[in-house]
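Read off the chains here:
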Amino acid sequence: MTLVATAEATTRVSGPVPSIPDYGPATRPNMVAVGTMVWLASELMFFAALFAFYFSLRGNLPTLWDERAADLNVPFAFGNTVVLVISSVWCQLGVLRAERGQVARTGTLLNVKEWGMREWYVLTYVFGSIFIAGQVFEYAHLVHDGVTLSSDSYASIFYLATGFHGMHVTGGLIAFLLIIGRTFTTRRYTHLQETGAVVTSYYWHFVDVVWIALFAMIYLLQ
């Protein structure tokens, strides 16, 4: 009997792996997540080029860097960085709710423990918007002090690096709006919607990490 059972078990594992409903074959990776990671890798190369550009200019123009660094408001930029980092925490809490299938809060708005993905993503959106507003505020002060895109090499690379990052953050905010809006327009929360919420968090964590590197490069390594 033991030999027969062993033979049957060996027979069962041969052949194609069965599909999981809404997920596809068990051995197939999530192609949306894989595609997002590949795309983020290409974005990483883009920012790496900006880093190389920055350090090349700095190495050739050290005097200019010493002069322009004094125009930066480091404490303000640090506070703005903290806001963006905290937004990543709210985003991850939203991901945990999305993976659990909890789209919206199950209690009162003041009961944070019962919040769903929607509430945490709305809070992420608010903090991300504050970061962009802070960046615009900083730009306004720099322009008022005469530091414009065409002023010199320092100003050009500063606005280029931080501006492109700001565009990426804005793109993430638009993605959050789409994810949040979808929770109001669909009756059933599907695996596809969960995947959309999760890969959006990948993107948001990416822009968060990139900004930490940019902050260290521009504001700390003066």
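Residues numbered from 1 in each chain as written. Predicted model: local features only at pLDDT ≥ 70, side-chain atom pairs only at ≥ 80, totals over all residues. Heavy atoms only, no water.

### Considering the overall build of the chain
Next up, step 1: A count of helical and extended segments in the chain gives seven helices and two strands.
Next up, step 2: Going from the N terminus to the C terminus, the chain shows its helices and strands as α-β-β-α-α-α-α-α-α.
Next up, step 3: Burial statistics for the chain: of 222 residues in total, 39% are counted as buried.
Next up, step 4: With an accessible surface of roughly 12,500 Å², the chain has 70% of that area assigned to carbon and sulfur atoms. (Helix = DSSP H or I, 4+ residues; strand = E, 2+ residues; numbered from the N terminus. Buried < 20%, exposed > 50% of the residue type's maximum accessible area, 1.4 Å probe, protein only. Areas by Shrake-Rupley, 256 points an atom, 1.4 Å probe, with all protein chains shown as cover.)

### Digging into the confidence of the model for the chain
Next up, step 1: Confidence in the prediction of the chain, expressed as mean pLDDT, is 85, and 87% of residues score 70 or more.
Next up, step 2: Summarising per-element confidence for the chain, the mean pLDDT is lowest in strand 1 (residues 19-20) (41) and highest in helix 5 (residues 117-144) (96).
Next up, step 3: Under a pLDDT of 50 for its full length, residues 1-27 has, in the predicted model, 11 contacts with residues more than four places off or in other chains. (pLDDT = per-residue confidence, 0-100. Contact = heavy atoms within 4.5 Å.)

### Observations concerning the packing of helix 4 (residues 74-100) against helix 5
Next up, step 1: The geometry of helix 4 relative to helix 5 is characterised by a closest axis approach of 8 Å and an angle of 160° between their N-to-C directions. Between helix 4 and helix 5, the angle falls in the class roughly antiparallel. The element helix 4 and its partner helix 5 pack so that their crossing is left-handed.
Next up, step 2: Partitioning the contact of helix 4 with helix 5 into residue classes produces 18 nonpolar, seven polar and two charged. (Axes fitted to C-alpha atoms, helices over the stretch in contact; angles between N-to-C directions. Parallel < 35°, antiparallel > 145°, perpendicular 65-115°, else oblique. Left-handed = near helix turned anticlockwise from the far one by under 90°. Nonpolar A, V, L, I, M, F, W, Y, C, P; charged D, E, K, R; others polar.)

### Some details on the packing of aromatic side chains
Next up, step 1: The full count for this structure, using the stated rule, is 22 aromatic pairs.
Next up, step 2: Ring geometry for Y54 and W65: centres 5.5 Å apart, planes at 70°, overall edge-to-face. In this pair, Y54 sits in helix 2 (residues 31-60) while W65 sits in helix 3 (residues 62-69), placing the two residues 11 residues apart along the sequence.
Next up, step 3: Judged by its relative accessible area of 2%, Y54 falls in the buried class. (Phe/Tyr/Trp six-rings, centres within 6.5 Å; stacked < 30°, edge-to-face > 60°.)

### What to know about helix 3
Next up, step 1: Among the residues of helix 3, L64, W65, R68 and A69 are the ones counted as buried. Taken end-on, helix 3 shows its buried residues confined to a sector of 125°, consistent with a single buried face. Counted as exposed and oriented over 90 degrees from the buried face of helix 3: T63, D66 and E67.
Next up, step 2: Of the surrounding elements, those touching the buried residues of helix 3 are helix 2 and helix 6 (153-185). (Arc of directions from axis to C-beta.)

### Here's the deal with the nonpolar core
Next up, step 1: Judged by nonpolar contacts, the single largest core of 45 residues is most densely connected at Y121, Y154, F158, W204, I218 and Y219.
Next up, step 2: For this core, the elements supplying multiple residues, two or more each, are helix 2, helix 3, helix 4, helix 5, helix 6 and helix 7 (191-220).
Next up, step 3: In this view, Y121 contacts C91, G94, V95, F176, I179, I180, A197, V198 and S201; residues no more than four positions away in its chain are not counted. (Core = buried A, V, L, I, M, F, W, Y, C linked by side-chain atoms within 4.5 Å.)

### Things to note about the packing of helix 3 against helix 6
Next up, step 1: At a minimum axis separation of 9 Å, helix 3 and helix 6 run at an interaxial angle of 65°. Contacts from L64, W65, R68 and A69 of helix 3 reach helix 6 at S153, Y154 and I157.
Next up, step 2: When grouped by side-chain class, the residues that make up the contact of helix 3 with helix 6 number five nonpolar, one polar and one charged.

### Describing the pattern of salt bridges
Next up, step 1: What the rule picks out here adds up to two salt bridges.
Next up, step 2: The salt bridge partner of R68 is D71, with a shortest N-O separation of 3.4 Å.
Next up, step 3: The exposure class of R68 is buried, given its relative accessible area of 19%.
Next up, step 4: Its salt-bridge partner being D152, residue R68 comes within 2.7 Å of it at the nearest N-O pair. Placement of R68 in helix 3 and of D152 in the loop between helix 5 and helix 6 is noted, with a sequence separation of 84 residues between them. The same class applies to R68 as to D152, namely buried.
Next up, step 5: Residues joined by salt bridges that share partners form a network here, namely R68, D71 and D152. (Salt bridge = Lys/Arg side-chain N within 4 Å of Asp/Glu carboxyl O.)

### Considerations on the environment of G166
Next up, step 1: With respect to the secondary-structure elements, G166 resides in helix 6.
Next up, step 2: Sequence separation between G166 and Q135 is 31 residues; the distance between their C-alpha atoms is 7.8 Å.

### Concerning a nonpolar patch on the surface
Next up, step 1: A surface patch of nonpolar side chains, about 280 Å² in accessible area, is lined by M31, V34 and V38.
Next up, step 2: Mapped onto the fold, V34 is located in helix 2.
Next up, step 3: A relative accessible area of 34% means that V34 is categorised as partly exposed. (Patch = residues over 30% accessible without salt bridge, like charges linked within 9 Å, V, L, I, M, F, W, Y side chains within 5 Å.)

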